[in-house]
Amino acid sequence: MSARRDHLETLAIHAGQPPDPATGAVMTPIYQTSTFVQRGVGDHLGYEYARTGNPTRAALETCLAALEGAAHGLAFASGMAAIDTLLKLLDPGDHVLAGNDVYGGTFRLFDKQYRKYGVEFSFAELTDPAAVRAALRPNTRWLWLETPTNPRLKVADLAALAQAAHAHHPALKVVVDNTFATPYLQQPLALGCDVVVHSTTKYLGGHSDVVGGAVLTSDAALYERLKVLQNAAGAVPGPLDCFLVLRGIKTLPVRMERHGANALLVAQFLADHPQVREVIYPGLDSHPQHAVAQRQMRNGGGMISFYLNGGSAYDLVKHTRLFALAESLGGVESLIEVPAAMTHGSTHGSPLEVDAGLIRVSVGLEHPDDLVADLAQALARLAHAPR
Ligand SMILES: *Cc1c(COP(=O)(O)O)cnc(C)c1O
């Protein structure tokens, strides 16, 4: 009998979350406990101490693994805790080749912490598979990719890069930070990549009320090492946080459809506006990797970056009413920020430095006409502001 697999919409609601066997509760209980009773030494129901394992966390780990098509999942206290735990697998002398646009916190952890432990990092143009191939070294252990990238929204051809990396060395792992796309829009493991990492703080949680992270993989050996580290280093999420992410995930597919539809309308408005010099959105034909995005993603996602045609980015972000000036992304409400001064300050003076004029928006689920009107009035005020 061939096993029929449920669709992602169904997995988002049910994977890892059968009704509670003890009570019949339909929603996964928040197991707010630090420890679990044992009848005799080692004789227990599968849980001993909540750093090692907690049933609410286990439900989230199973659900996230199902969404990414992974055999194994691990949840962490933040996206950075997930990334830090992965980096702890490396030895001095190992090399990580990363795409040349990454979240500022990821760059900071590479550059300020793991470099001093003797791990080598370099960066390659992730939109050019030949450039990535040429930058691989004999000691390269991982190829580290975001796509779309934060904040320039570059799109990497995951299938082509995974093939190039594995041809270079079969043991080379391709790690993808899938935070911007989510498993609804894009599935890196199905494209040949080895590990997916998430900041569940963003679209997976989806409501700007929780910080969390996750690592998903089908590589059993890697999973076993990570599970030991998850327990040994202990950057685990609490049960309430796991519950909030589980609740957010149930609506991920409908939210991502609307985020993508709203963002396309906002991107088209910006692209036609005389005071906007350049719009970067993977769903627009004008995006340099639009064809790859169309092949690899269900829609262009909810994030847009753009440059003004004169006028100050700092002035624009002061004048929006609905787009709140704040770090983070992926919530139901729209946000706006200036990455060079906010999320990506750590790249200042590095080869990854973000242009001070770049503005990044996270398009929320408000009515798109209201969002467009808000940006229109903010751009109009900019026109009349003294230069
Ligand atoms: C926010 C973010 C992170 C870090 O996640 P936290 O939950 O804030 O620790 C990592 N990668 C990307 C792409 C992000 O946007």
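Predicted model only: the values in this text are computed from it and were never measured.

It is worth spelling out the pattern of salt bridges at this point. Counting across every chain of the model gives 14 salt bridges. The partner of arginine 57 in a salt bridge is glutamate 61, and the shortest N-O contact between them spans 3.3 Å. Taken together, the residues span about one helical turn, with arginine 57 and glutamate 61 both in helix α2 (residues 55-68) at a distance of four residues. Taken individually, arginine 57 and glutamate 61 each receive the classification buried, so the pair is uniform in this respect. Across the pair aspartate 219 and lysine 173 runs a salt bridge, and its minimum N-O distance is 2.8 Å. You can see aspartate 219 sitting in the loop between β7 (213-217) and α8 (220-233) and its partner lysine 173 sitting in strand β5 (residues 173-177), a full 46 residues away along the chain. Several salt bridges share partner residues, and in doing so they unite Asp111, Lys112 and Arg115 into one network.

What the rule picks out here adds up to six aromatic pairs. Measuring from centroid to centroid gives 5.7 Å for phenylalanine 107 and phenylalanine 123, while their planes differ by 50°, and the two rings are tilted. Note that phenylalanine 107 is positioned in helix α4 (residues 104-114) and phenylalanine 123 in strand β3 (residues 120-124), a separation of 16 residues in sequence. Aromatic pair phenylalanine 110 and phenylalanine 121: ring centres 4.5 Å apart, planes at 15°, arrangement stacked. With phenylalanine 110 in helix α4 and phenylalanine 121 in strand β3, the pair connects residues that are eleven residues apart, well separated along the chain. Considered together, phenylalanine 110 and phenylalanine 121 belong to a single accessibility category, that of buried residues. Lying over the aromatic face of tyrosine 103, lysine 202 brings its terminal NZ or CZ to 5.3 Å of the ring centre. Positioned above the aromatic ring of tyrosine 184 is the side chain of arginine 298, whose terminal nitrogen or guanidinium carbon lies 3.9 Å from the ring centre.

All right, on to the environment of leucine 97 then. Within the fold, leucine 97 resides in strand β2 (residues 95-99). On the basis of relative accessible area, leucine 97 is assigned to the buried category, the value being 0%. Residues in contact with leucine 97, not counting those within four places in the same chain, are Ser122, Phe123, Ala124, Val132, Ala135, Leu136, Thr140, Trp142, Leu143 and Trp144.

Take the nonpolar core next. The nonpolar side chains of a soluble globular protein tend to be buried, and buried together. Of all hydrophobic cores here, the largest spans 42 residues; its most connected members are Leu60, Leu64, Leu67, Leu216, Ile249 and Leu252. Counting residues per element, this core draws most heavily on α2, which supplies seven residues. A domain-level breakdown of this core finds at least three residues from each of domain 1 (8-249) and domain 2 (252-383). The next biggest cluster of nonpolar side chains, apart from the first, holds 29 residues, and it includes Leu74, Val96, Val175 and Val215.

What follows concerns the domain arrangement of the protein chain. Once the domains are mapped, the protein chain shows domain 1 (8-249) and domain 2 (252-383). Taking only C-alpha atoms into account, the centre of domain 1 sits 26 Å from that of domain 2. With 44 residues of domain 1 at the contact, the number on the domain 2 side is 40 residues. Note on domain 1 versus domain 2: buried area summed over both sides is about 3400 Å², and carbon and sulfur give 62% of it. The largest contributions to the domain 1 side of the interface with domain 2 come from Tyr184, Leu185 and Tyr203, which together make up 24% of the buried area. Viewed at the interface, domain 2 and domain 1 are joined by one salt bridge. Between arginine 295 and aspartate 157 there is a salt bridge whose closest N-O contact spans 2.9 Å. Our count for the contact surface shared by domain 1 and domain 2 stands at 23 residue pairs in polar contact (both at pLDDT 80 or more). Of the residues assigned to the side of domain 1 that touches domain 2, the class counts are 23 nonpolar, 14 polar and seven charged.

Rules of the game
Residues numbered from 1 in each chain as written. Predicted model: local features only at pLDDT ≥ 70, side-chain atom pairs only at ≥ 80, totals over all residues. Heavy atoms only, no water. Salt bridge = Lys/Arg side-chain N within 4 Å of Asp/Glu carboxyl O. Helix = DSSP H or I, 4+ residues; strand = E, 2+ residues; numbered from the N terminus. Buried < 20%, exposed > 50% of the residue type's maximum accessible area, 1.4 Å probe, protein only. Phe/Tyr/Trp six-rings, centres within 6.5 Å; stacked < 30°, edge-to-face > 60°. Lys NZ or Arg CZ within 6 Å of the ring centre and 35° of its normal. Contact = heavy atoms within 4.5 Å. Core = buried A, V, L, I, M, F, W, Y, C linked by side-chain atoms within 4.5 Å. Domains from an automatic or database assignment. Buried area = accessible area lost by both parts, 1.4 Å probe. Polar contact = N/O pair within 3.5 Å; in protein donor to acceptor, adjacent residues only side chain to side chain. Nonpolar A, V, L, I, M, F, W, Y, C, P; charged D, E, K, R; others polar.

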